[in-house]
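# Commentary on secondary and tertiary structure
In case you want the letters, here they are:
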Amino acid sequence: MGRFFRDTKKFRNYIVYAAKAALKNEVVDSYLNWVWWILEPFCFMLIYAFVFGVVFNTKEDYFPIFIYIGLTAWNFFSGTIKRSVRIVKRNKGIVSKVYLPKFVLNQTEILVYGFKMLISFALIVCMMVVFRLSPSIYLLNVIPLVFLLLLLSFGCMCILSHIGVFISDLNKVINILLRIVFYMSGIFYSIENRLGPTYPNLAVLFGKINPMAFIIQGLRNSIVYKQPISWQYLLMWYAIAIGLICIGVTLIYKNENTYVKVI
């Protein structure tokens, strides 16, 4: 892993430059520019709040911010995962001409989506003011939860970017799996309240064994409900995330010379 940290430091300027270029490119032909990064998840929040809060009569305190927190974390995770599957092939021009550790491409996407997530968290702060939610000491738990989200996403990205070089249809499989995980992660409902009373074992499976459900519920508890998080499961998922990163980075280093031949 020493080589990984040295390469990350070596290419840090490229990562920042590429992330800035990607962000500018997204809004170059848009009238609203970066406002879309807030407007899109906010509109989805309103849609889900109406459908599940009004039509399906979902009862959750502070339901709009409840959904928006879930969408903020999910958009980061799903966005980075989808981008990673074909990231080597999509950057064929760069990969085939200059040496670049392929995980650097994933780090660029992490920075791009991390910036968008930061904007969404700023809007969450505004929503806290609107709903008159005072901060508590548990708000500090947001830091390890977000860092876990970054590590977990990066680990999955490295593995998927490696596999995606050799399997062209992987993106279709990932889209299906992400849709399944989306509905299992409690984006617009509380796993504990909905499944806990009737199916306690299933609630534990969905809420703790599913990392996205664990992160989303932890963020809601820290920001909205002022409740502690499970440090046992947090440390467990940190270990898994670091393990995924080690596996992914090792695969990339061992096979990066093969990528150019395949693409």
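Heads up: the structure comes first, above all this text.
Residues numbered from 1 in each chain as written. Predicted model: local features only at pLDDT ≥ 70, side-chain atom pairs only at ≥ 80, totals over all residues. Heavy atoms only, no water.

## Overview of the layout of surface pockets
The calculated volume of the largest pocket comes to roughly 660 Å³. At the level of elements, α3 (36-55), α4 (63-85), α7 (103-130) and α9 (170-184) are the ones that each hand at least two residues to the lining of the largest pocket. Among the elements that make up the lining of the largest pocket, the one with the highest residue count is α4 (eight residues). In terms of residue class, the lining of the largest pocket is built from 13 nonpolar, eight polar and five charged. Approximately 550 Å³ is the volume found for the second largest pocket. Lining the second largest pocket are 21 residues, and of these I110, F147, L150, L151 and F154 sit closest to its centre. Tallying contributions element by element places α7 first for the lining of the second largest pocket, with eight residues. (1 Å grid on protein atoms, 1.4 Å probe; cavity = no way out; pocket = protein on both sides within 12 Å on 5 of 7 lines; lining within 4 Å. Points joined across faces, edges and corners; volume = space filled by probe spheres on them. Helix = DSSP H or I, 4+ residues; strand = E, 2+ residues; numbered from the N terminus. Nonpolar A, V, L, I, M, F, W, Y, C, P; charged D, E, K, R; others polar.)

## A word on the side chain of T108
For T108, the location among the structural elements is in helix α7. Excluding residues that lie within four positions of it along the chain, T108 makes contacts with Y14, I15, A18 and A19. (Contact = heavy atoms within 4.5 Å.)

## Side note on the packing of aromatic side chains
For the structure on display, the rule yields 14 aromatic pairs. By way of ring pairs, the aromatic residues W74, F77, F182, Y183, F188 and Y189 are connected into one cluster. In this structure, R179 is placed above the aromatic ring of F182, and the distance from its NZ or CZ to the ring centre is 5.1 Å. The ring centre of F66 lies 3.5 Å from the NZ or CZ of R220, which sits over that ring. (Phe/Tyr/Trp six-rings, centres within 6.5 Å; stacked < 30°, edge-to-face > 60°. Lys NZ or Arg CZ within 6 Å of the ring centre and 35° of its normal.)

## So, helix α8 (residues 142-166)
With 25 residues, α8 extends 37 Å between its outermost C-alpha atoms, agreeing within 8% with the 36 Å of an ideal straight helix rising 1.5 Å per residue. The buried count for α8 comes to 19 of 25 residues, which makes it a mostly enclosed element. (Expected span 1.5 Å × (residues − 1). Buried < 20%, exposed > 50% of the residue type's maximum accessible area, 1.4 Å probe, protein only.)

## A few points about helix α12 (residues 211-225)
Each α-helix turn comprises 3.6 residues. Residues three or four places apart therefore point the same way. Its 15 residues give α12 an end-to-end C-alpha distance of 20 Å, which sits within 8% of 21 Å, the value for a rise of 1.5 Å per residue. For α12, the tally of buried residues reaches 14 of 15 residues, placing the bulk of the element in the interior. At the N-terminal end of α12, a side-chain oxygen is found 3.1 Å from the backbone nitrogen of M212, two or three residues along, and the residue is N210. Positive backbone phi, at 55 degrees, marks K226, one or two positions downstream of α12. (Polar contact = N/O pair within 3.5 Å; in protein donor to acceptor, adjacent residues only side chain to side chain.)

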